[in-house]
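Okay, here's what each chain looks like letter by letter:
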Amino acid sequence: MRVVVLMSTYQGEKFVAEQIESILNQLPRDGRLIVRDDGSLDRTVNIIQSFADPRIEITCGSNVGFARSFFSLMAAAPNDAEMIMLSDQDDVWLPQKIERAWQHLKDTDGVPTLYCARQQLVNETLHPIALSKRCLRPPSFQNALTENIVTGCTAAFNRDALYLALQIKIPERVYFHDWWLYLVVAAFGKVIVDEEATILYRQHSGNTIGRGAGFMQYVEIFRFIRKRSWVHIMYRQIEEFTTVYTPQLSRPQKTLLQKYFNPHEFSSVTRLIFSSKCFRQSLLGDIFLRSLIIVELASGRGLTPR
């Protein structure tokens, strides 16, 4: 197994050493941990360099944000990698995470395959909070259009999935790199969801996007959408996907996109709002999505950024 772990860091001095230790403890001798620092001003880079481990490769870049940073890492992944894994800077990988992912991916040559897993949510001191939610519905292209069930810090994928996701190197209209992976692989390959938790997913004030547990999950969501339009993010990603992959789509996939996901046709938008067909993992999620679309329409901002 030739495994490459990709990590993007930014102002991560508080937790990055603990994360790297948990990866190196299970990384094979010929494995690599490739880190791109996204313009940190603290001691993050110095801490990483202090490991002096030949398996670690670090580059420093300007601050471009987590998604573009991860896309840059994926575009630079070595050609001999059999499994590519993504890592945040502030979690802890549970023992055998790498081996567990490999057992799911090792026999998938020729089929773009993406693996993800549940997380054990913990606080700053790694005290358990709760397990992340279990998926109620199987992963699918229909689900991936409106919802991301792939938490990037648990993601692992084969080279076929990497090539597929990077038909354009860095998608310009994509906000979440992990959601993009889920959408593309769900459309043309296979997505595997592991019910076992494989990481300690640290929740703290510095999270770019927190997960939270119970009611706090919805608090985190509302905090996010107060700053950014989730509807704009969704439709921009669908527009990017359609631009790149339309020639490869099946007839039913093209019909689905035109019927429910064309933001420039009012009839398509109303079908999505009022259809009884579920697109997200839960009924509450469906109601939430439709409510956000109605709010955007009522606000006059439209469904895509102007």
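As the structure is a prediction and not an experimental result, all values here were calculated from the model.

Enquirer: Looking at this structure, I do not really get the overall build of the protein chain. What am I missing?
Expert: Helices and strands together make up the secondary structure of the protein chain, namely 12 helices and nine strands. Relative to the compact-globule value of 19 Å for 306 residues, the protein chain shows a C-alpha radius of gyration of 19 Å, a close match. Once the C-alpha set of the protein chain is aligned to its principal axes, its extents read approximately 60 × 40 × 35 Å. The proportion of buried residues among the 306 residues of the protein chain is 53%. Contacts in the protein chain between residues far apart in sequence, at least 24 positions, make up 78% of those at least 6 positions apart. For the protein chain, the exposed area adds up to about 14,100 Å²; of that, 53% sits on carbon and sulfur atoms. Computing the positive centroid from 35 side-chain charges and the negative centroid from 31, the protein chain places the two 7 Å apart.

Enquirer: Is there a simple way to think about the packing of helix α11 (residues 266-274) against helix α12 (residues 283-299) in this case?
Expert: Think of two packed helices as two axes; the pair is described by the angle between the axes and how far apart they sit. One way to put it is that α11 packs onto α12 with a least axis distance of 9 Å and a crossing angle of 140°. The interaxial crossing formed by α11 with α12 has left-handed handedness. Of the residues in α12, those touching α11 at Val-269, Leu-272 and Ile-273 are Arg-290, Ile-293, Ile-294 and Leu-297. Per-class residue counts for the contact of α11 with α12 are six nonpolar, no polar and one charged.

Enquirer: What is the right way to look at the nonpolar core in this model?
Expert: General note: in soluble globular proteins, nonpolar side chains tend to be found buried as a group. Of all hydrophobic cores here, the largest spans 58 residues; its most connected members are Met-74, Phe-157, Tyr-182, Phe-241, Phe-261 and Ile-293. In contact with Met-74, not counting residues within four places along its chain, are Leu-6, Leu-86, Phe-157, Leu-162, Leu-166, His-177 and Leu-181.

Enquirer: Explain the packing of aromatic side chains to me, please; I cannot follow it from the model alone.
Expert: To describe a pair of aromatic rings, you give the distance between the ring centres and the angle between the ring planes. Across all of its chains, the model carries 14 aromatic pairs by this definition. When the centroid spacing of 5.1 Å and the interplanar angle of 65° are considered together, the rings of Tyr-260 and Phe-279 count as edge-to-face. Taken together, the residues Tyr-260 in helix α10 (residues 251-260) and Phe-279 in the loop between α11 and α12 connect sequence positions 19 residues apart. For Phe-279, a relative accessible area of 2% corresponds to the buried category. Directly above the aromatic system of Trp-93 lies the positively charged group of Lys-97, at a separation of 4.7 Å from the ring centroid.

Enquirer: Before we go on, may I ask you to explain the layout of surface pockets in this structure?
Expert: In this approach the atoms are scanned with a rolling probe the size of a water molecule, which exposes any empty space left behind. Space inside the second largest pocket adds up to approximately 190 Å³. Lining the second largest pocket we find 13 residues, and of these Thr-242, Leu-257, Gln-258, Phe-261 and Asn-262 sit closest to its centre. Of all the elements in the fold, those that place two or more residues in the lining of the second largest pocket are α9 (230-245) and α10. Counting residues per element, the lining of the second largest pocket draws most heavily on α9, at four residues. For the lining of the second largest pocket, the per-class residue count stands at six nonpolar, five polar and two charged.

Rules used in this analysis
- Residues numbered from 1 in each chain as written.
- Predicted model: local features only at pLDDT ≥ 70, side-chain atom pairs only at ≥ 80, totals over all residues.
- Heavy atoms only, no water.
- Helix = DSSP H or I, 4+ residues; strand = E, 2+ residues; numbered from the N terminus.
- Rg over C-alpha atoms; globule rule 2.2 N^0.38 Å.
- Buried < 20%, exposed > 50% of the residue type's maximum accessible area, 1.4 Å probe, protein only.
- Contact = heavy atoms within 4.5 Å.
- Areas by Shrake-Rupley, 256 points an atom, 1.4 Å probe, with all protein chains shown as cover.
- Lys, Arg positive; Asp, Glu negative; His and termini not counted.
- Charge placed at Lys NZ, Arg CZ, Asp CG, Glu CD.
- Axes fitted to C-alpha atoms, helices over the stretch in contact; angles between N-to-C directions.
- Left-handed = near helix turned anticlockwise from the far one by under 90°.
- Nonpolar A, V, L, I, M, F, W, Y, C, P; charged D, E, K, R; others polar.
- Core = buried A, V, L, I, M, F, W, Y, C linked by side-chain atoms within 4.5 Å.
- Phe/Tyr/Trp six-rings, centres within 6.5 Å; stacked < 30°, edge-to-face > 60°.
- Lys NZ or Arg CZ within 6 Å of the ring centre and 35° of its normal.
- 1 Å grid on protein atoms, 1.4 Å probe; cavity = no way out; pocket = protein on both sides within 12 Å on 5 of 7 lines; lining within 4 Å.
- Points joined across faces, edges and corners; volume = space filled by probe spheres on them.

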